[in-house]
Amino acid sequence: MNRRNFMTHSAMTMAGVLAIPNVLMASKSDGRRFKIIYDFDIKSDEKEFVAKLWNPLPLDTKYQKVKVLTFDGNYDSYNINSKNPYDAKILYTSWHKDKKKKRLHIEMEMETFDRSVSLFDIEQASKQNLAIPKDIQLYLKPTKHIPTDGKVAEKTAELTKGMSDRFEKVKAIYDWVTEVTFRDPAVIGCGVGDAGKMMESGYFGGKCTDVSSLFVAFLRAEGVPAREVFGIRTGKSYFSKALGKSDDKGFADISSWQHCRVEYYIPGVGWIPSDPADVTKLELVEGLKYSDKRVQELKRKYLHSWEMNWIGFNYGRDFVLYPEPEQYPINMLGYPYGEIEDEVLNYYTPKSFSYEITSEELGT
C-alpha cells in the first residue's frame, strides 16, 4: 500500500507536494472538528482496465482549517495539483492496466468556524465604491453555465434599476432569487447550474448549484464579483435538520451530501458568504412558505453568513482538470471525477462508481 500524510496547504507548499511531512494535530479551539473518510473501490466488467481519479481536496482558509490529511491505496501514481484557473486543489491517482481492483482511502480532519460578515461593515465598505482588484476580476467573467448577457442581463437591470451601491444590488437580487426559485427534488445531485437555460425556460426549480449559479450570474452581470463554492455537508445543523444530519453522534454516510454555496465580493470588506439555496431547501423539507417567520430568519442570516457544518473544496466552473481527462471542460468539481479507460464514471451514483464518504463530528 502507498501511504501519504500531509499537513495544511501552507505546510504542503513549503514542503513540496510530493514530500511526506509529519501529521499535524490540532489544538483545542472554539470551532467544530470533523473527520471525513473517502473510500474508493473502482471495479469494471473488463478483466484488465486502466483507471484514473480526480478527487477535490478542501480549501484551507480562516473559516476552515485542514488539520490532518492522509491517503493510501494501491494506485500506481499520484499527484496533488492545482493546475487550473481557479486554483482548485485536486488529488489525482491512476492505476495501470491490470486485473486488480483499484482502491484509495482518504482521511481528513477539518476544523471549521461559523462564518459571518457584519452588515454594518458591508454597508460602509459598499458606500465607498472602491475599485475591484485585478485578481478578483476573474469572478466577473461569464462561463458556459454562468452567462452575463441576454435575459440574465435584462432581468438584473430591471431588479437594480436606479441603484449604484453594490450591496443594494446584492440585496435586490438575493430577494428575487430566494423568492422565485424553489427546490425540485427530482433534479439529480446538486443540479447542472445552467443560469442561462433557467432564464430561457422560465423554470426556476432546481437544487443548490442551480440556485447558486443563478445568483452568481445575476451578480456578475451587475458588476459584483461572485462565485459558487462547491463542498459537502459534514454534520449536524443547529438551525434545522434539513440542513445537515439529524444528530451529532457517530459516523454518517455523506456520499450524497454535496452542497454548493456562494460568495460575493465587496471591495474594502472582501468575500462575503451567502447561501440562497438553503432557503429553498428549508421551505421544502419543513413544509414552509417563503413568508413564514422561520424562512425569513434563515434568509436574513444567509445573506451574509454560513453555518459551518460543511466544508468547501473550490470555486471552479467550466474548467479543465489536470492531467487532462476524457471529458473537458468539467462543469464543476464538488464530486469525485473518475474514468475507466475512456468511460466517464457517474459521480451522482456512489455505489456504481464506487465510493463512500463518511463523516463524524469530533470533540474539540
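Residues numbered from 1 in each chain as written. Predicted model: local features only at pLDDT ≥ 70, side-chain atom pairs only at ≥ 80, totals over all residues. Heavy atoms only, no water.

Engineer: Looking at this structure, I do not really get the layout of surface pockets. What am I missing?
Structural biologist: If you roll a probe as big as a water molecule over the atoms, it shows you where there is empty space left. What the largest pocket holds in volume is close to 480 Å³. Around the largest pocket, the lining is made up of 21 residues, and of these Leu59, Asp60, Thr61, Arg227 and Tyr315 lie nearest the centre. In terms of residue class, the lining of the largest pocket is made up of 10 nonpolar, 3 polar and 8 charged. A volume near 240 Å³ is recorded for the second largest pocket. Lining the second largest pocket are 19 residues, with Arg183, Gly189, Ser256, Trp257 and Gln258 sitting closest to its centre. Each residue belonging to the lining of the second largest pocket can be placed in one class, and the counts come to 9 nonpolar, 6 polar and 4 charged. (1 Å grid on protein atoms, 1.4 Å probe; cavity = no way out; pocket = protein on both sides within 12 Å on 5 of 7 lines; lining within 4 Å. Points joined across faces, edges and corners; volume = space filled by probe spheres on them. Nonpolar A, V, L, I, M, F, W, Y, C, P; charged D, E, K, R; others polar.)

Engineer: What should I look at first to understand the sheet that holds strand β3 (residues 49–56) in this one?
Structural biologist: Pairing between sheet strands relies on hydrogen bonds along the backbone, with the strands arranged either parallel or antiparallel. Spatially, 5 strands are ordered β5-β6-β3-β17-β18 in an open sheet, and the strand pairing comes out antiparallel. The strands lining the two open edges of the sheet, one partner per strand, are β5 (77–81) and β18 (343–344). The pairing of β3 with strand β17 (residues 337–340) spans 4 bridges and is classified as antiparallel. When the bridges of β17 are listed, leucine 53 appears paired with glycine 338. (Pairing = 2+ DSSP bridges. Helix = DSSP H or I, 4+ residues; strand = E, 2+ residues; numbered from the N terminus.)

Engineer: Can you help me understand the environment of lysine 155 in this one?
Structural biologist: Within the secondary structure layout, lysine 155 lies in helix α3 (residues 150–159). Measuring from C-alpha to C-alpha, the distance between lysine 155 and phenylalanine 34 comes to 41 Å, with 121 residues separating the pair along the chain. In this structure lysine 155 touches Trp176, Met199 and Phe218, once residues within four positions along its chain are discounted. (Contact = heavy atoms within 4.5 Å.)

Engineer: Is there a simple way to think about the packing of aromatic side chains in this case?
Structural biologist: A ring pair, where both rings are aromatic, is described by two values, the distance of the centres and the angle of the planes. This model, assessed by the stated rule, comprises 24 aromatic pairs. Seen from their ring centres, phenylalanine 71 and tyrosine 78 are 5.3 Å apart, and the 70° between their planes marks the pair as edge-to-face. Each member of the pair, phenylalanine 71 together with tyrosine 78, is buried. Feature note: the residues Tyr86, Tyr139, Tyr265, Trp271, Tyr315 and Phe319 constitute an aromatic cluster, connected by ring pairs. Sitting over the ring of phenylalanine 49, lysine 102 keeps its end group 3.9 Å from the ring centre. (Phe/Tyr/Trp six-rings, centres within 6.5 Å; stacked < 30°, edge-to-face > 60°. Buried < 20%, exposed > 50% of the residue type's maximum accessible area, 1.4 Å probe, protein only. Lys NZ or Arg CZ within 6 Å of the ring centre and 35° of its normal.)

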